[in-house]
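Observations on the three-dimensional arrangement
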Amino acid sequence: MKFLYCIYQVFIAFPVTIVMTIWTALLVGIGCTLGDGHFWGYYPGRWWARTITRAFLLPVKVEGREHLEPNQSYVFVSNHQGAFDIFLIYGFLGRNFKWMMKHQIQKIPFVGYACRKSHQIMVNKSGVSKIRKTYDDARDILQHANCSVVVFPEGARSFTGHMGEFRKGAFMLADELQLPVVPLTINGTFNVMPRTRDWHFASWHPLSLTIHQAIYPVGQGPQNIQATMHQAYDSVMSALTPEYQGFVENPDQ
């Protein structure tokens, strides 16, 4: 069965991924240039992610959408198990948002172009001015664009499927703007394609996305940041499958 799935990927899933990535990047670029960037910066990416997930025949289960309020901006924070996290969140979260992502992603052909044209938030830690620009961009989106932000606060994909530490950046942003933080738990993407097997064949495994209740600010300042970060971490951890429960240090953090 595994051999047949690999053959299927060669002739169906990989070609669909390549064609959809090129087509989506061009659509995003043209749409954001000529039309409504709020629409074209999100919906083509959503269709792209859903199509690729289905091309790989991966079943998806989403729980907790009822926790989200209409027209409310959120700071979404998620664990980061693998490359398919992007497809799972983009395709199935069901909210218009921008990614906070490593600036190196801009170098990926077509993907980087689409990210620039759709004004995704590039995190560049090479200097104080660039770090400040990252937060200025995120602040502008959350305050004026009726949009949310998705952050992987671990900052890097897991090597083991377990969670590492959360960094404070996303929680500082939420605290400054007094916005609710929504924890997300991803399960299954590590089994599909772990970081140690990038650019290899995917393994079939069900995926799930759990949307937890929003954590609203109860004050402002360091105490609120710490409390929100710890509560978010515990929420994400609580919905992980038993094999990935518990903290494991990530050397890439």
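Look above for the structure.
Report follows, based on the coordinates. Owing to the predicted nature of the structure, the values given are computational and were not obtained by experimental measurement. (Residues numbered from 1 in each chain as written. Predicted model: local features only at pLDDT ≥ 70, side-chain atom pairs only at ≥ 80, totals over all residues. Heavy atoms only, no water.)

Taken together, the 7 strands give an open sheet; going across it, the order is E1-E7-E6-E2-E5-E3-E4, and neighbouring strands pair in mixed fashion. The sheet is open, and its two edges are formed by strand E1 (60–63) and strand E4 (121–123), each paired on a single side. Strand-to-strand twist of the sheet, defined as the mean angle between neighbouring strand axes without regard to direction, takes the value 20 degrees. Relative to strand E6 (residues 181–187), strand E2 (residues 75–78) runs parallel, the two sharing 4 bridges. Bridge pairing links valine 75 to valine 181 in E6. (Pairing = 2+ DSSP bridges. Helix = DSSP H or I, 4+ residues; strand = E, 2+ residues; numbered from the N terminus. Axes fitted to C-alpha atoms, helices over the stretch in contact; angles between N-to-C directions.)

This part takes up the nonpolar core. Residues Ile89 and Leu93 are the most contacted members of the largest nonpolar core, which totals 36 residues. Contributions of two or more residues to this core are made by helix H1 (2–34), helix H3 (43–55), helix H4 (85–92), strand E3 (97–102), E6 and strand E7 (207–211). When residues no more than four places from it in sequence are discounted, the contact partners of isoleucine 89 are Ser78, Phe97, Trp99, Val150, Phe152, Leu184, Ile186 and Leu209. Counting residues in each nonpolar core, the second largest holds 27 residues, with Val75, Met100, Leu173 and Tyr233 among its members. (Core = buried A, V, L, I, M, F, W, Y, C linked by side-chain atoms within 4.5 Å. Buried < 20%, exposed > 50% of the residue type's maximum accessible area, 1.4 Å probe, protein only. Contact = heavy atoms within 4.5 Å.)

Turning next to the layout of surface pockets. Volume-wise, the second largest pocket comes out at about 440 Å³. Lining the second largest pocket are 22 residues, with His119, Gln120, Ile121, Lys133 and Asp137 positioned closest to its centre. For the lining of the second largest pocket, the elements supplying multiple residues, two or more each, are helix H2 (37–40), helix H5 (111–117), E4 and helix H6 (128–144). It is H6 that contributes the most residues to the lining of the second largest pocket, 6 residues altogether. Classifying every residue of the lining of the second largest pocket gives 7 nonpolar, 9 polar and 6 charged. (1 Å grid on protein atoms, 1.4 Å probe; cavity = no way out; pocket = protein on both sides within 12 Å on 5 of 7 lines; lining within 4 Å. Points joined across faces, edges and corners; volume = space filled by probe spheres on them. Nonpolar A, V, L, I, M, F, W, Y, C, P; charged D, E, K, R; others polar.)

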